[in-house]
Amino acid sequence: MSGHTHPCCKIGPSILCADLSCLADECRRMIHSGADYLHLDVMDGHFVPNLTFGHPIVKCLRPKMPDVYFDMHMMVQNPEKWVESMADAGANQYTFHVEACEDIPALCRKIQESGMRVGVGLKPGTPVETILPYSDLFDVVLIMTVEPGFGGQRFMEDMMSKVQYLRTNFPDLDIEVDGGVGPSTIDVVAEAGANMIVSGTAITGATDPSQVIALLRNSVENAIQKSQLER
Ligand SMILES: O=C(CO)[C@@H](O)[C@H](O)COP(=O)(O)O
Ligand SMILES: [Fe+2]
């Protein structure tokens, strides 16, 4: 038995494809359905060809749910620009894309100093080696399993080699997977070693989101248990 503690399973619905005119209600619906955190997709129309919302919306949402963990998925150019505003708005995790960032270590330090957890995101075409020199500086790696920009796309299974590599080399790391994850794809995600599971349309579009969240959790917890027995 090694001394490692496998990070625990957390399910974070993405509300990207929910009814954004009722954002707070949709977020509450997710939490009441058993979500561990909320994955909030920020798009700027430059880094990705789509627009969503920014820190003013997050700031309005925060007082309505003071204890919920907000994971900001920053699909924006110049991610260093919004660190202070997101921290001030009440974000807990600031996940930026390495493809949009000129100075990765400086941005990681800035996020950490502002009191948020540091997430680094990788688009499908970006190799995992890009972030290895900075492994002391981040808390979470986000492996995209679709091209960022839109919900409801098809899951890219070949991204699982990145997840496996990270889990093998960083047993304690929070590894987050995002894009096309749902009941039909969760088992490969779980077996590869991801523990933070983002799921959008599969949860928000379900008749019973709590059933889908329970199914995703069950798959990840089984895989964690199995990997611990094999050690
Ligand atoms: O960041 C993104 C897309 O860019 C996501 O968070 C997805 O939008 C999740 O939705 P599904 O792929 O699960 O429908
Ligand atoms: Fe996302």
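Scoring rules and cut-offs
- Residues numbered from 1 in each chain as written.
- Chains lettered and ligands numbered in written order.
- Predicted model: local features only at pLDDT ≥ 70, side-chain atom pairs only at ≥ 80, totals over all residues.
- Heavy atoms only, no water.
- UniProt positions renumbered as here; feature names shortened; annotations may be inferred.
- Helix = DSSP H or I, 4+ residues; strand = E, 2+ residues; numbered from the N terminus.
- Rg over C-alpha atoms; globule rule 2.2 N^0.38 Å.
- Contact = heavy atoms within 4.5 Å.
- Areas by Shrake-Rupley, 256 points an atom, 1.4 Å probe, with all protein chains shown as cover.
- Lys, Arg positive; Asp, Glu negative; His and termini not counted.
- Charge placed at Lys NZ, Arg CZ, Asp CG, Glu CD.
- Donors = N, O, S within 2.8 Å, 3.2 Å for Na, K, Ca; no water.
- Buried < 20%, exposed > 50% of the residue type's maximum accessible area, 1.4 Å probe, protein only.
- Salt bridge = Lys/Arg side-chain N within 4 Å of Asp/Glu carboxyl O.
- Core = buried A, V, L, I, M, F, W, Y, C linked by side-chain atoms within 4.5 Å.
- Near = heavy atom within 4 Å.
- Polar contact = N/O pair within 3.5 Å; in protein donor to acceptor, adjacent residues only side chain to side chain.
- Nonpolar A, V, L, I, M, F, W, Y, C, P; charged D, E, K, R; others polar.

An unreviewed UniProt entry annotates the protein chain as Ribulose-phosphate 3-epimerase of Daphnia pulex. Reading the Sequence similarities (unreviewed entry) entry of the UniProt record for the protein chain gives the comment "Belongs to the ribulose-phosphate 3-epimerase family." In its Pathway (unreviewed entry) section, the UniProt record describing the protein chain reads: "Carbohydrate degradation; pentose phosphate pathway; D-xylulose 5-phosphate from D-ribulose 5-phosphate (non-oxidative stage): step 1/1."

Draft legend 1. Local environment of the overall build of the protein chain. Broken down by element type, the protein chain carries 8 helices and 8 strands. Relative to the compact-globule value of 17 Å for 231 residues, the protein chain shows a C-alpha radius of gyration of 16 Å, a close match. The principal-axis extents of the C-alpha atoms in the protein chain amount to approximately 45 × 45 × 30 Å. Considering only contacts within the protein chain whose residues lie at least 6 apart along the sequence, 65% involve residues at least 24 apart. Of the accessible surface of the protein chain, which amounts to about 10300 Å², a share of 50% is contributed by carbon and sulfur atoms. Averaging the locations of the 17 positively and 30 negatively charged side chains of the protein chain gives two centres separated by 3 Å.

Draft legend 2. Structural context of the coordination of the iron ion (ligand 2). Donor atoms from the polypeptide that bind the iron ion (ligand 2) are His-39 (NE2), Asp-41 (OD), His-73 (ND1) and Asp-178 (OD), placed at 2.1 to 2.2 Å. The sequence pattern formed by the donor residues of the iron ion (ligand 2) is H-x1-D-x31-H-x104-D. Pair noted here: His-39 is in strand β2 (residues 38–43) and Asp-178 is in strand β7 (residues 174–178), with a separation of 139 residues, a long-range link. Owing to a relative accessible area of 8%, Asp-178 belongs among the buried residues under this scheme.

Draft legend 3. Just the pattern of salt bridges, in detail. For the coordinates displayed, the defined rule picks out 7 salt bridges. Across the pair Asp-25 and Arg-28 runs a salt bridge whose closest N-O atoms are separated by 3.0 Å. With Asp-25 and Arg-28 both in helix α1 (residues 23–32) and 3 residues apart, the pair spans about one turn of that helix. The salt bridge involving Lys-59 is made with Asp-88; its shortest N-O contact spans 2.8 Å. Placement of Lys-59 in helix α2 (residues 55–61) and of Asp-88 in helix α3 (residues 83–89) is noted, with a sequence separation of 29 residues between them.

Draft legend 4. Structural detail: the nonpolar core. Within the largest apolar cluster, 65 residues are counted, with the highest numbers of intra-cluster contacts made by Phe-70, Met-72, Met-86, Phe-96, Val-189 and Ile-197. The biggest single contributor to this core is helix α8 (residues 209–230), with 6 residues. Among all residues touching Ile-197, those that are not within four sequence positions of it are Lys-10, Ile-11, Gly-12, Tyr-37, Val-177, Val-181, Ile-186, Val-189, Leu-216 and Val-220.

Draft legend 5. Molecular detail of the site of ligand 1. What surrounds ligand 1 is a group of 19 residues, the closest being Gly-149, Gly-152, Asp-178, Gly-200 and Thr-201. Contact distances for ligand 1 include 3.3 Å between an oxygen atom and a side-chain N or O atom of His-39. Summarising the interface, the protein chains cover 99% of the accessible area of ligand 1, which totals 370 Å² for the free molecule. Contributions of two or more residues to the shell around ligand 1 are made by β2 and β3 (70–75). Element by element, the count of residues in the shell around ligand 1 is highest for β2, at 3 residues. When the residues that make up the shell around ligand 1 are grouped by side-chain class, the tally is 6 nonpolar, 11 polar and 2 charged.

Draft legend 6. Highlighting the UniProt feature "binding site: a divalent metal cation" (unreviewed entry) in the protein chain. Residues annotated by UniProt as "binding site: a divalent metal cation" (unreviewed entry) correspond here to His-39, Asp-41, His-73 and Asp-178. Maximum C-alpha separation among the annotated residues is 10.6 Å over a sequence range of 140 residues, consistent with a single clustered spot. For His-39, a relative accessible area of 0% translates into the label buried. Residue classification places His-73 among the buried residues on the basis of a relative accessible area of 0%.

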